[in-house]
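Understanding the architecture of this molecule
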Amino acid sequence: MVEGVTPPTKTELRTGVLRARRAVPADHRDSEAQALCRWLPALVRSGQTVCAYVPVGSEPGSQALLDALVELGARVLLPVARNDEDGRAMPMQWGPYEPRTLVAGEFGLREPAPPWLPAGHIADAEVILVPALAVDRSGNRLGRGAGFYDRTLIYAAPHARLVAVVRDGELVDELPADPHDVRMTHALTPSGGIVTLQR
């Protein structure tokens, strides 16, 4: 950090990353999504439970990544995000993924149809793929700021690999962090593959 220079806030960083992602051509996003799938055999074994997510907008990845996890023999759980009566993020519930069965959910997301599993079922997962706008080499993750993952990842098993899925340039040296932020153990990038983070 340069002395006398105020580091960007999380809000400023989010704005910059989202602007950069929107500028990526669709064919480049497709090639990055394919590249992410190629790393999965080194991350996931048959019979494991994997918590994943359905990418939206310009997020890295695609639904093909979910299908690839199923082909590897993983049990795939997807998050169901809801706010409480006061509009605050609740710990996410989980639904088993089956190809071609997703329905429209809240916040413009796609999700499994009910019934859903309680939030604590994240503890079943050996691997948890986490959407991120950026992640640093100490494991600090920049999310969208809604708080769903911070309220859910605290239930993950201690041995679980928490994997932030980002574009190559979104793995950075340092990000601002708050005490309640849950650090990632790994990053997954299209070119670099699985990167161990020093949390």
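About the cut-offs
Residues numbered from 1 in each chain as written. Predicted model: local features only at pLDDT ≥ 70, side-chain atom pairs only at ≥ 80, totals over all residues. Heavy atoms only, no water. UniProt positions renumbered as here; feature names shortened; annotations may be inferred. Helix = DSSP H or I, 4+ residues; strand = E, 2+ residues; numbered from the N terminus. Rg over C-alpha atoms; globule rule 2.2 N^0.38 Å. Buried < 20%, exposed > 50% of the residue type's maximum accessible area, 1.4 Å probe, protein only. Expected span 1.5 Å × (residues − 1). Arc of directions from axis to C-beta. Pairing = 2+ DSSP bridges. Axes fitted to C-alpha atoms, helices over the stretch in contact; angles between N-to-C directions. Contact = heavy atoms within 4.5 Å.

- For the protein, the name recorded in an unreviewed UniProt entry is 5-formyltetrahydrofolate cyclo-ligase, with Mycolicibacterium neworleansense as its organism.
- Database annotation for the protein, UniProt heading Sequence similarities (unreviewed entry): "Belongs to the 5-formyltetrahydrofolate cyclo-ligase family."
- Checking UniProt for the protein, the heading Cofactor (unreviewed entry) contains the comment "Mg(2+)".

Topic: the overall build of the protein
- Check the secondary structure of the protein and you find four helices and 12 strands.
- In terms of C-alpha radius of gyration, the protein reaches 16 Å, essentially the compact-globule figure of 16 Å for 199 residues.
- With the C-alpha coordinates of the protein rotated into their principal frame, the extents come out at 55 × 40 × 30 Å.
- With 199 residues in all, the protein has 47% of them scored as buried.

A few points about helix α1 (residues 10–22)
- Counted at 1.5 Å a residue, the expected span for α1 with its 13 residues is 18 Å, and the 18 Å between its end C-alpha atoms agrees.
- Turning to α1, its buried residues are Lys10, Arg14, Val17 and Arg21. Angular distribution of buried residues about the axis of α1 spans 70°; they occupy a single face of the element. Facing away from the buried side of α1 by over 90 degrees, the exposed positions are Thr11, Arg19 and Arg22.

Points about the sheet that holds strand β1 (residues 49–51)
- The seven strands lie next to each other as β3-β2-β1-β6-β9-β11-β12, forming an open sheet whose pairing is mixed. Edge strands, defined here as strands with exactly one partner in the open sheet, are β3 (93–96) and β12 (193–196). Each neighbouring strand pair of the sheet contributes to a mean axis angle of 30°, computed without reference to strand direction.
- In this structure, β1 lies alongside strand β2 (residues 75–80), joined through three bridges in parallel fashion. Across the sheet, the residue bridging to cysteine 51 is leucine 77, located in β2.
- The sheet contacts of helix α2 (residues 26–39) involve β9 (161–165), β11 (186–189) and β12, and relative to β11 the element is tilted by about 130°.

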